[in-house]
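Here is what each chain is made of, one letter per residue.
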Amino acid sequence: AAARDKRTKKTKTVCTFCGVGCSFEVWTKGRKILKVEPTENSPVNSVSTCVKGKFGWDFINSEQRLTTPLIRKGEAFVPATWDEAFTLISEKMGSIKETYGGDALGFVSSSKTTNEEAYLMQKLARQVFGTNNVDNCSRYCQSPASDGLLVTVGYGGDSGTIRDIENAGLVITVGANPTEGHPVLATRVKRAKKLRGQKLIVSDLRKHELAERSDLFLHPKQGTDFVWITAVAKYMIDQGWHNEDFIKARVSNFKEYMSVLKKYTLDYAVEVTGLPKEQLIKTAQMIHEADGTCILWGMGVTQNIAGSHTSGAIANLLLVSGNFGRNGAGAFPLRGHNNVQGSCDMGTLPQWLAGNQRLTDDTARANFEKAYGVKISEKPGFTNIDMLEAVEEGKLKAMYLMGEDMAWVDSNANHVHETLSKLEFFVVQDVFLTKTAQFADVVLPAAPSLEKDGTFTNTERRIQRLYQVLDPLGESKPDWWIIGQIAKYMGYDWNYKHPSEIMDEIADLCPTFAGVSYERLEGWNSLIWPVQKDGTDEPLLYTERFNFPDGKARFSLTEYVPPVEFTQDFDLTLNNGRLLEQFHVGNMTNKSQGLQYKLPEVFVEVSPELALERKVEDGSLVRLVSPYGAIKLRAVVTDRVQGKELYVPMHSVSHENAVNLLTGSVGDVRTQTPAYKETKVKMELIQAK
Ligand code: SF4
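Residues numbered from 1 in each chain as written. Predicted model: local features only at pLDDT ≥ 70, side-chain atom pairs only at ≥ 80, totals over all residues.

*Asks:* Whenever I open this one, the overall build of the protein confuses me. Can you help?
*Replies:* The helix and strand tally for the protein stands at 25 helices and 26 strands. Against the globule reference of 26 Å for 689 residues, the protein gives a C-alpha radius of gyration of 24 Å, in line with a compact fold. For the protein, the C-alpha atoms occupy an extent of roughly 70 × 65 × 55 Å along the three principal directions. Taking all 689 residues of the protein together, 57% fall into the buried category. The contacts of the protein with a sequence gap of at least 6 include a subset with a gap of at least 24, amounting to 75%. (Helix = DSSP H or I, 4+ residues; strand = E, 2+ residues; numbered from the N terminus. Rg over C-alpha atoms; globule rule 2.2 N^0.38 Å. Buried ≥ 20, exposed ≤ 12 C-beta atoms within 10 Å, placed from the backbone. Contact = placed C-beta atoms within 7 Å.)

*Asks:* Is there a simple way to explain the confidence of the model for the protein in this structure?
*Replies:* Caution applies to low-pLDDT parts of the model: their predicted coordinates are not meant to be read in detail. Scored by pLDDT, the protein has a mean of 94; 97% of the residues are at 70 or more. For this predicted complex, the interface confidence comes out at an ipTM of 0.99, alongside a pTM of 0.95. (pLDDT = per-residue confidence, 0-100.)

*Asks:* When you look at the nonpolar core in this model, what are you seeing that I'm missing?
*Replies:* Soluble globular proteins: nonpolar side chains tend toward being buried together. Counting residues in each nonpolar core, the largest one holds 106 residues, and the members touching the most others are Met 121, Leu 124, Val 443, Val 604 and Leu 624. In terms of residue count, helix H4 (residues 115-128) provides more of this core than any other element does, seven residues in total. Two domains each provide a minimum of three residues to this core, namely domain 2 (70-140 + 338-454 + 469-515) and domain 4 (572-687). Ignoring sequence-local partners within four residues, the contact set of Met 121 consists of Phe 107, Ser 109, Val 134, Thr 348, Met 402 and Ile 483. Among the nonpolar cores identified, the runner-up in size contains 91 residues, and Ala 145, Val 151, Val 184 and Phe 332 belong to it. (Core = buried A, V, L, I, M, F, W, Y, C linked by C-beta atoms within 7 Å. Domains from an automatic or database assignment.)

*Asks:* Where do I start with the packing of H4 against helix H22 (residues 479-489) in this structure?
*Replies:* Look at H4 against H22: their axes get within 9 Å of each other, and the N-to-C directions meet at 15 degrees. Comparing their axes, H22 and H4 come out roughly parallel. Like other packed secondary-structure pairs, H4 and H22 cross with a definite hand, here left-handed. Judged by residue contacts, Glu 116, Glu 117, Leu 120, Met 121, Leu 124 and Val 128 of H4 engage Asp 479, Trp 480, Ile 483, Gly 484, Ile 486 and Ala 487 from H22. In terms of residue class, the contact of H4 with H22 is made up of eight nonpolar, one polar and three charged. (Axes fitted to C-alpha atoms, helices over the stretch in contact; angles between N-to-C directions. Parallel < 35°, antiparallel > 145°, perpendicular 65-115°, else oblique. Left-handed = near helix turned anticlockwise from the far one by under 90°. Nonpolar A, V, L, I, M, F, W, Y, C, P; charged D, E, K, R; others polar.)

*Asks:* Would you explain the environment of Val 171 in this entry?
*Replies:* As for its placement among the helices and strands, Val 171 is situated in strand S8 (residues 170-174). Once you skip the residues sitting within four places of it in the chain, Val 171 turns out to touch Ile 165, Val 189, Gln 198, Leu 200, Cys 294 and Leu 296.

*Asks:* I'm lost on the domain arrangement of the protein in this one. Help?
*Replies:* For an interface, size is often stated in terms of accessible area lost upon the parts coming together. Per the domain assignment, the segments making up the protein are domain 1 (2-61), domain 2 (70-140 + 338-454 + 469-515), domain 3 (143-333) and domain 4 (572-687). Between the C-alpha centres of domain 2 and domain 4 the distance comes to 31 Å. Listed by partner, the interface residues are 16 residues for domain 2 and 16 residues for domain 4. Here the side of domain 2 that touches domain 4 takes three residues from helix H21 (residues 413-420), the largest share from any one element. Looking at the side of domain 2 that touches domain 4 residue by residue, the class counts come to six nonpolar, six polar and four charged.

*Asks:* Honestly, the site of the ligand in this entry has me stumped. Any pointers?
*Replies:* Taken together, the neighbourhood of the ligand is formed by 14 residues, with Cys 15, Cys 18, Cys 22, Cys 50 and Gly 53 sitting nearest. For the shell around the ligand, the elements supplying multiple residues, two or more each, are helix H2 (51-55) and helix H8 (183-196). Looking at the shell around the ligand residue by residue, the class counts come to eight nonpolar, five polar and one charged. Of the domains in this structure, domain 1 (2-61) and domain 3 (143-333) are the two that each give at least three residues to the shell around the ligand. (Near = placed C-beta within 6 Å.)

*Asks:* What exactly am I supposed to notice about the packing of helix H3 (residues 82-100) against H22 here?
*Replies:* Pairs of packed helices are described in terms of their axes, by the angle between the two and the distance that separates them. Between H3 and H22, the shortest axis-to-axis distance is 9 Å and the interhelical angle comes to 55 degrees. Here H3 lies oblique to H22, going by the angle between them. Every pair of crossing elements has a handedness; the one defined by H3 and H22 is right-handed. Contacts between H3 and H22 involve Phe 86, Thr 87, Ile 89 and Ser 90 from the first element and Gln 485, Ile 486 and Tyr 489 from the second.

*Asks:* Hey, could you run me through the sheet that holds strand S11 (residues 293-297) in this one?
*Replies:* The strands making up a sheet associate through backbone hydrogen bonding, with each pair oriented either parallel or antiparallel. Strand order in the open sheet formed by five strands is S10-S9-S8-S11-S12, and the pairing between neighbours is parallel. With one partner strand each, in any of the chains shown, strand S10 (216-218) and strand S12 (330-333) form the two edges of the open sheet. Adjacent strand axes in the sheet meet at a mean angle of 15 degrees when their direction is disregarded. Direction of pairing for S8 relative to S11: parallel, over a ladder of five bridges. Within the sheet, the bridge partner assigned to Val 171 lies in S11 and is Cys 294. (Pairing = 2+ DSSP bridges.)

*Asks:* I tried to follow helix H19 (residues 384-392) on my own but got confused; where do I start?
*Replies:* Since there are 3.6 residues in each turn of an α-helix, residues three or four apart along the chain are aligned in direction. Along H19, the residues classified as buried are Asn 384, Ile 385, Asp 386, Met 387, Leu 388 and Val 391. Downstream of H19 by one or two residues, Gly 394 has phi in the positive range, about 80 degrees.

*Asks:* Looking at this structure, I do not really get the sheet that holds strand S19 (residues 462-466). What am I missing?
*Replies:* With antiparallel pairing, the three strands of this open sheet are ordered in space as S18-S19-S20. Of all the strands in the sheet, just strand S18 (454-457) and strand S20 (526-528) have a single pairing partner and so form its edges. Here the average twist between neighbouring strands, direction ignored, is 30 degrees. Sheet analysis places S19 next to S20, joined by three bridges and oriented antiparallel. Along S20, the bridge assignment pairs Gln 464 with Ser 526.

*Asks:* Help me understand the pairing of strand S9 (residues 199-203) in this model?
*Replies:* Side-chain positions along a regular strand alternate between the two faces of the sheet. For S9, a buried count of five out of five residues is recorded, marking the element as mostly surrounded by other parts of the structure. Neither face of S9 is open: one carries Lys 199, Ile 201 and Ser 203, the other Leu 200 and Val 202, and all of them are buried. Strand direction decides the pairing type here: S8 and S9, joined by five bridges, are parallel. When the sheet's bridge partners are listed, Ile 172 is paired in S9 with Ile 201. Pairing between S9 and S10: three bridges, direction parallel. Paired with Ile 201 across the two strands is Leu 216, which belongs to S10.

*Asks:* Can you help me understand H21 in this one?
*Replies:* When we look at burial in H21, the residues that qualify are Ala 413, Val 416, Thr 419 and Leu 420. The buried residues of H21 occupy one face: seen down the axis, they fall within an arc of 120 degrees. For H21, the secondary structure elements touched by its buried residues are H19, helix H20 (406-409) and strand S16 (425-430). (Arc of directions from axis to C-beta.)

*Asks:* Explain unusual backbone geometry here, please?
*Replies:* Looking along the chain, the bond that leaves Trp 529 and enters Pro 530 is cis, with omega of 5 degrees. In this structure, Pro 530 sits in the loop between S20 and strand S21 (572-577). In this structure, Asn 412 is a non-glycine residue whose phi angle is positive, near 50 degrees. As for its position among the elements, Asn 412 is in the loop between H20 and H21. Looking at Asn 412, the number of C-beta atoms within 10 Å reads 24, which means it is buried. At Asn 495, a position not held by glycine, the phi torsion is positive, near 60 degrees. If you trace the backbone, Asn 495 turns up in the loop between H22 and helix H23 (499-509).

Below, the structure is given as structure tokens:
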């Protein structure tokens, strides 16, 4: 073993820090990571990575890693054996199931785990514990985007690939900051602009780096994207700039859509959004003139009270202009975590089975019932949000969380903390003793991506293999092994020897994954679902049919829902989002010395005009207060933000200044995704500088 440790090993993996899905080789000697080397073989990034993919891996050897199961004894955690932990979990959860039924239990999966692990999480919930109460962290970000696409074009995923974004004549980003959230994808847009003269429209509250490079920057009032997007669609139709042949042949409800559109005139849009009329006309003109338009959107759209409606409106605009089913065009919700797409595909959702099959689909349900040997209810289970409400109502007694830091990530964090402490029994499986884990009765040490085999599905529906680089640290284990053991202690011996066997089961049960196998994904190979049994995949969706029985798309017929209202004393709009150097709330990347050095603490961006009015300077300490909580931060005065709009990054080193202490409980009208972006605060100056 000592001799082996001296040799340099190169292992292919897939990055775990965003949905772009870069792959590269990790060079190691023993447990030391020597370097990360992207190669031309990677189907997504070729020789590129961003700073997180290159330098974000120190957390692997962090002294803060969980290396043994922990069981709560009073206020403290005591190390335990795996057998002790599994015995306690099976006894407690088994007894709750026995007494109250399976629906008294809730399961939450993470988009950081592999497809195989997400699949097993829903299998654990549905087969072993008999409940559809299973959800994943896309509930906090991307569910509205999936919803808007499901109702219009039929699949909840990107309609094409990153190559299509590069090849588009026009790229529009709405409420997204790819330079920091999806860096390698952003470089593709910048390159296409520079080399081919690709046009770029950026719509955002904040004038971020990509906005600086855009041909047109739109700054609508917070929560009004639906209106300008719909007004542009109407204006294009009024001008005869719509693709009439496409609509006639491929969309089923144009007449009904036209009657919804009546009210969305340019004048109405100017009044609601505050955008100048010329900018709306210019946007319509640019779409009309472009040889293919791609619209990319992020949490600036989805984390609003009607993010699902706005996602539908984006699909509508693309349908009006005939921008589906052709290269260099389409809808691109930018998935945040590396495996948001995969964890949804794998059925960790209360109303979906694995393979994007509806729970209400009798044939699909019957297939799963046959394979699992149990009856599966067609009644949807609880979402993450429902689960917390059900705890408050005494209906949900226990929760099992895999890789999800709900106490930091969910909105209205103070309330979440109170609710989690009311659970009768709580299991958290993670790499670190997270904020959420501190409320648990049992904590199970999980192995991160570099310590296991599996597959991830990136934002463009591309499935790629990751290979084990290092052995799991201490007693930590891959999530798929841990879940398998819980099933075993509950009397279900799944007996998987390797994640490839789990993928074989997925392929058997899910038509969209029918041709997926580890052999076909060997090395740098990848497949983009849906994948036929013979291995044919489909990078570009909707070339002939939309995913509905009649093959036709449908316009979304929803109306504008104004943002959440606050009392007047909360006079500042608080926006939040990612920064390049940190992954999400930061509980992995903040263990990286280099990244932490680059960005040691969180801050609030204040516009020069507001700073002048409130006597705030660069470096002043301020307190932000919302109806839900308060945090203290240093101010950064910058013209990236305007007027009474503030920006706070979503990551923070300590929980005391986490932005989710300020965000509220109101959620998207269709998917319950918290309206994180619709937060109002007041700002108090604590210390001038
Ligand atoms: Fe990783 Fe995303 Fe950076 Fe690629 S762009 S290296 S996937 S964080």
